[in-house]
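Topology and contacts: notes
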Amino acid sequence: MGKNFTIFGDPVEHSISPKMHTFAIEGLKLDAVYTKTLLQEACKLRDEFINNFDGANVTVPHKEAAYQMCDEVRGIAKEIKAVNTLINENGNMIGYNTDAPGFLKSIKSFGKINNVLILGAGGTAKALAVIFQQNNIDITILNRSKNRLDFFTNLGIKTFSWDDFELASYDLVVNTTSAGLQDEQLPVNKDTMNAIFEKSKFAVDVIYNKKTPFLKLATKLGIPNKDGADMLLYQGVLAFDLFYDHTFEVNKITKYMKQSF
Ligand SMILES: NC(=O)c1ccc[n+]([C@@H]2O[C@H](COP(=O)([O-])OP(=O)(O)OC[C@H]3O[C@@H](n4cnc5c(N)ncnc54)[C@H](OP(=O)(O)O)[C@@H]3O)[C@@H](O)[C@H]2O)c1
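Bear in mind the structure is a predicted one, so any value in this text is a computation, not a measurement. (Residues numbered from 1 in each chain as written. Predicted model: local features only at pLDDT ≥ 70, side-chain atom pairs only at ≥ 80, totals over all residues. Heavy atoms only, no water.)

This part is about the domain arrangement of the protein. When the domains of the protein are assigned, the result is domain 1 (3–97 + 230–258) and domain 2 (101–227). For domain 1 versus domain 2, the distance between C-alpha centres works out to 26 Å. Taken together, the contact pairs 11 residues of domain 1 with 18 residues of domain 2. In total, about 1300 Å² of surface goes out of reach between domain 1 and domain 2, with carbon and sulfur atoms giving 73% of it. When the buried surface of domain 1 facing domain 2 is broken down by residue, Ile76, Ile80 and Met231 rank first, second and third, together holding 39% of it. Across the pair aspartate 230 and lysine 226 runs a salt bridge whose closest N-O atoms are separated by 2.7 Å. For the pair domain 1 and domain 2, the interface holds two residue pairs in polar contact (both at pLDDT 80 or more). The set of elements that each furnish at least two residues to the side of domain 1 that touches domain 2 consists of helix H4 (77–80) and helix H10 (229–243). A total of six residues in the side of domain 1 that touches domain 2 trace back to one element, the largest contributor, which is H10. (Domains from an automatic or database assignment. Contact = heavy atoms within 4.5 Å. Buried area = accessible area lost by both parts, 1.4 Å probe. Salt bridge = Lys/Arg side-chain N within 4 Å of Asp/Glu carboxyl O. Polar contact = N/O pair within 3.5 Å; in protein donor to acceptor, adjacent residues only side chain to side chain. Helix = DSSP H or I, 4+ residues; strand = E, 2+ residues; numbered from the N terminus.)

What follows concerns the sheet that holds strand S6 (residues 92–96). Spatial ordering of the open sheet is given by S2-S1-S3-S5-S6-S4, a layout of six strands whose pairing is mixed. This sheet does not close on itself; its edge strands, each paired only once, are strand S2 (32–38) and strand S4 (72–73). Here strand S3 (residues 55–58) pairs with strand S5 (residues 85–89) via three bridges, running antiparallel. Its bridge partner lying in S5, asparagine 57 is registered against threonine 85. Here H10 sits on the sheet and contacts strand S1 (3–9), S2, S3, S5 and S6; the angle it forms with S5, its principal contact strand, is near 5°. (Pairing = 2+ DSSP bridges. Axes fitted to C-alpha atoms, helices over the stretch in contact; angles between N-to-C directions.)

This part takes up the environment of serine 145. For serine 145, the location among the structural elements is in the loop between strand S8 (138–143) and helix H7 (150–153). Between the C-alpha atoms of serine 145 and asparagine 114, which are 31 residues apart in sequence, the distance is 26 Å. Within polar-contact distance, the side chain of serine 145 engages the backbone nitrogen of asparagine 147 at 3.4 Å.

Here we come to the site of the ligand. Around the ligand lies a shell of 24 residues, among which Thr124, Asn143, Ser145, Arg148 and Val206 are the nearest. The separation between an oxygen atom of the ligand and a polar main-chain atom of glycine 123 is 2.9 Å. Within the side chain of threonine 124, an N or O atom sits 2.7 Å from an oxygen atom of the ligand. Surface burial for the ligand is 81%, taken as the share of its 960 Å² of free accessible area covered by protein chains. With respect to the pocket detection grid, the ligand is positioned in the largest pocket. Listed by contribution, the elements that provide at least two residues to the shell around the ligand are helix H6 (123–134) and H10. (Near = heavy atom within 4 Å. Areas by Shrake-Rupley, 256 points an atom, 1.4 Å probe, with all protein chains shown as cover. 1 Å grid on protein atoms, 1.4 Å probe; cavity = no way out; pocket = protein on both sides within 12 Å on 5 of 7 lines; lining within 4 Å. Sits in = over half its atoms within 2 Å of the grid points.)

Attention shifts here to the sheet that holds strand S9 (residues 158–161). Working definition: the strands of a sheet are paired by backbone hydrogen bonds and lie parallel or antiparallel to each other. Strand order in the open sheet made by the six strands is S9-S8-S7-S10-S11-S12, with parallel pairing throughout. The strands lining the two open edges of the sheet, one partner per strand, are S9 and strand S12 (225–226). Two strands pair when backbone bridges link them, and strand S7 (residues 115–119) and strand S10 (residues 170–175) are joined in this way by four bridges, in the parallel orientation. Across the sheet, residue isoleucine 118 finds its bridge partner in S10, namely valine 174.

As a further point, take the layout of surface pockets. Put simply, the largest pocket is a space of about 1600 Å³. As for the largest pocket, its lining consists of 50 residues, of which Val60, Thr124, Thr176, Ser178 and Leu181 are closest to the centre. The set of elements that each furnish at least two residues to the lining of the largest pocket consists of S3, helix H3 (63–69), H6, S8 and H10. Tallied by class, the residues present in the lining of the largest pocket amount to 23 nonpolar, 22 polar and five charged. In terms of domain composition, the lining of the largest pocket takes at least three residues from each of domain 1 (3–97 + 230–258) and domain 2 (101–227). Volume-wise, the second largest pocket comes out at about 210 Å³. Along its surface, the second largest pocket is lined by Lys3, Asp54, Arg74, Ile87, Asn88, Glu89, Tyr96, Leu242, Phe243, Tyr244, Asp245 and His246. For the lining of the second largest pocket, the secondary-structure elements that each account for two or more residues are S5 and H10. It is S5 that provides the largest number of residues to the lining of the second largest pocket, a total of three residues. Among the residues making up the lining of the second largest pocket, the classes are represented as five nonpolar, two polar and five charged. (Points joined across faces, edges and corners; volume = space filled by probe spheres on them. Nonpolar A, V, L, I, M, F, W, Y, C, P; charged D, E, K, R; others polar.)

What follows is the structure, encoded as structure tokens:
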């Protein structure tokens, strides 16, 4: 019998996950479909999933609610406390997080990274901070407000808000804020952003499909940079690998998914 996969989100219309997974399904000649499911009420996620799907991805704003509903959470998702990938294992909802390892894979091309400045303190910042910490990468968080910093200070991570930021040198600066997504804003004021870039070797924006003001400024200042497309690709590759329990070569999955970009 064919397999059923979906992505749960609200909104979900913009998601390119169905396209990515469908390219892999077709490339590998599998009997499966991957759809989009608009889910407004998080409380319905578990029943919807268990009754209809073999595997799923979860996007904004349900990653934390999905984590709470899992029968079992595996791997780094336990520390991040958010899941983006679900597996239906004999009627049990098993949760994983592939955003964090997907990001790590996406920055391999920069070579060894020893310390990172993360702009923002939301869900993506948490996922990155946990995986950087597990890989012995030194982390600094800079967020607009003091809200949301407790998660990071509890992990022993240096945190700053715009009021008290002290600049240092960084191998990598990552924009995880939504500044630049639907506007033309930088994640911090222009003087601070210039100063940060002067002290940074590489830059990544997790936003994809758009040259954000953050990326434009990095390019102008000669800082090698990339957007979030590779992160998106690799979180999808790792999710697909879990959907099929590591049956296929990761390089092949990657090759097919890449064709959807
Ligand atoms: N490439 C991928 O695969 C991928 C995966 C996941 C997410 N993303 C992208 O990552 C971004 C963040 O998602 P998320 O779920 O982590 O968001 P989130 O949990 O809502 O956190 C948003 C963060 O952005 C800050 N912020 C919002 N607007 C800002 C502004 N104008 N200036 C400065 N800071 C601002 C917030 O600061 P306060 O705390 O002060 O409010 C908060 O720290 C989105 O653009 C999303 O599309 C990409």
